[in-house]
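# Chains, contacts and geometry: an overview
As a plain string of letters, each chain reads:
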Amino acid sequence: MTAPTETRPSPSGRRTGWTALRPLVLRLHFYAGILIAPFLLIAATTGLLYASSFQIEKIVYRHELTVPARTAQMPLAQQVAAARAAHPSGTVTAVRPSEEPGRTTRVLLDVPGLAESTQLAVFVDPHTAQVRGTLESYGSSGALPVRAWISHLHRHLHLGESGRLYSELAASWLWVVALGGLLLWLGRRRSGRKLRRLVAPERGARGQRRLLSWHGAIGLWAVTGLLFLSATGLTWSKYAGANVDELRAGLGWSTPSLGSSDHGGHSGAGGHAHQETSDIGVDRVVQAAQGKGLSGPLEITWPAGQGGDYVVKEIDKQWPHHLDQVAVASSTGAVVGELRFADYPVAAKLTRWGIDAHMGLLFGLANQIILICLAAGLITLIVLGYRMWWRRRPTRGFARPYQRGTWRQVHWAILVPLAAAAITVGCFLPLMGISLAAFLVLDILVGLRSRTTTTSPPASAVPPAEPPSPAEEAQPVGSSDAG
């Protein structure tokens, strides 16, 4: 790994290459590090908690999720009937059969009074058909209350739609901060064993230099994961996410859906109407799906009305994925539609994998551990960045402000495409565009204020100038003032 080379000024006096871009990247990294880092810190902290929520959920709801393991299981229809009997006012929407001995069957009911995207999950012992308990289940992931609470905390801090702005702002800037820090770290002047000082903290360093070496080395190891989290996190955002959806639809990258008649809803009143007519029953539906190669864990979605189709989905999102779907006619048991994950467009597969990895599902526990490490790494980077800034804040005598006005020395062949790219990205990521404009205005105001308030002290009061130490070269995340 080699550092980018610096180029000499062009004959016109304007800079090109890294020499021209470095001051701009430095100032942008500073402002984002100081002003956006609080949002990143909240996102990282809540994300770390969410990555742990799967294990927390299993511990907290151990009684509902597990039963003493036995060999024989009751018919699935009898388990569903037990859930209906326990909550006669509910309407069956879906069932997740026990995927292995010792695990309960989850029957999902629509019950009046629950929040949007929330259903009542009734947990049934598959060996005895006895109800073990009921809990609210959130969204298609089936998150139970503790994980749903943590998920909402990470997504919008329990502030509703307005709270989503915090996470979108963090995701919009994370990739910029990560790439900017990477460029600054690779572009620093080094001597001796360059590779060793790139990938690991500098041995024997002290003070600011030690903070910088840890900040840079951790950032280098984490940068790929942070870019991934930023890209996948934007797919859930309000404004940028809508632009992503439009782009995917325009390019034909949307996730395909299973085409069949009148399925994906719920049964008639109380969930009994079609069972009392010609419905074949859920056990035969499962047999039909298994005949097409589907294996557990499964989710069976009830027909939207009498005579509609059941939809059976594989819901195993660990690697390798099992996400095939079939539609089964409720009156005949014939498979009337199939959707294989292998037939998804490549972009749709990448989207599915990215979302599942962001949620900690793709590789199970290993995925969750990686997310925890990334979140902890980002928290460490932010703390180190603020520590470096505090040590070199403007009230300290050795604080050396970054050079202002260097954009005027950038060659137009670099400046014009860079400005065009910033405008394009700002339109696609609106919160980033607005905040970037705010940074620019703030930088201008700070510059004007420094011009009008700075006065020259008496010669006797000026301390002798000291050359900048190597640790002050290309400081990442807010290591100097914005003057």
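Residues numbered from 1 in each chain as written. Predicted model: local features only at pLDDT ≥ 70, side-chain atom pairs only at ≥ 80, totals over all residues. Heavy atoms only, no water.

The next point concerns the UniProt feature "transmembrane region" (unreviewed entry) in the chain. Taking the UniProt record as the reference, the feature "transmembrane region" (unreviewed entry) is found at residues 30-51, 169-187, 211-231, 369-389 and 410-442. When the span residues 211-231 is considered, its composition is 100% helix and 0% strand, and the gap between its end C-alpha atoms is 28 Å. (UniProt positions renumbered as here; feature names shortened; annotations may be inferred. Helix = DSSP H or I, 4+ residues; strand = E, 2+ residues; numbered from the N terminus.)

According to the stated counting rule, one finds 10 aromatic pairs in the structure shown. For the pair Trp173 and Phe439, a centre-to-centre distance of 5.2 Å together with 45° between the ring planes defines the contact as tilted. Of the two residues, Trp173 is situated in helix α6 (residues 164-186) and Phe439 in helix α14 (residues 430-453); the sequence distance between them amounts to 266 residues. Here Trp173 matches Phe439 in class, with each residue buried. An aromatic cluster of three or more residues is present, and its members are Trp319, Phe341, Tyr344, Trp353 and Phe363. (Phe/Tyr/Trp six-rings, centres within 6.5 Å; stacked < 30°, edge-to-face > 60°. Buried < 20%, exposed > 50% of the residue type's maximum accessible area, 1.4 Å probe, protein only.)

Another aspect to go through is the sheet that holds strand β8 (residues 335-339). What the 8 strands build is an open sheet, ordered β4-β3-β2-β1-β5-β6-β7-β8; its pairing is antiparallel. Each edge of the open sheet carries a strand with a single partner, namely β4 (131-138) and β8. On average, adjacent strands in this sheet sit at an angle of 20° to one another, irrespective of strand direction. Pairing between strand β1 (residues 91-96) and strand β2 (residues 105-110): 5 bridges, direction antiparallel. (Pairing = 2+ DSSP bridges. Axes fitted to C-alpha atoms, helices over the stretch in contact; angles between N-to-C directions.)

In the segment running from Trp319 into Pro320, the intervening peptide bond is cis, with an omega of -5°. For Pro320, the position within the fold is in the loop between β6 (309-314) and β7 (325-329). Phi angles above zero are rare outside glycine, and Ser117 is one such case at about 65°. In this fold, Ser117 is placed in the loop between β2 and β3 (118-124). At Leu157, a residue that is not glycine, the phi angle is positive and equals roughly 55°. Inspection of the secondary structure assignment puts Leu157 in the loop between α5 (145-156) and α6.

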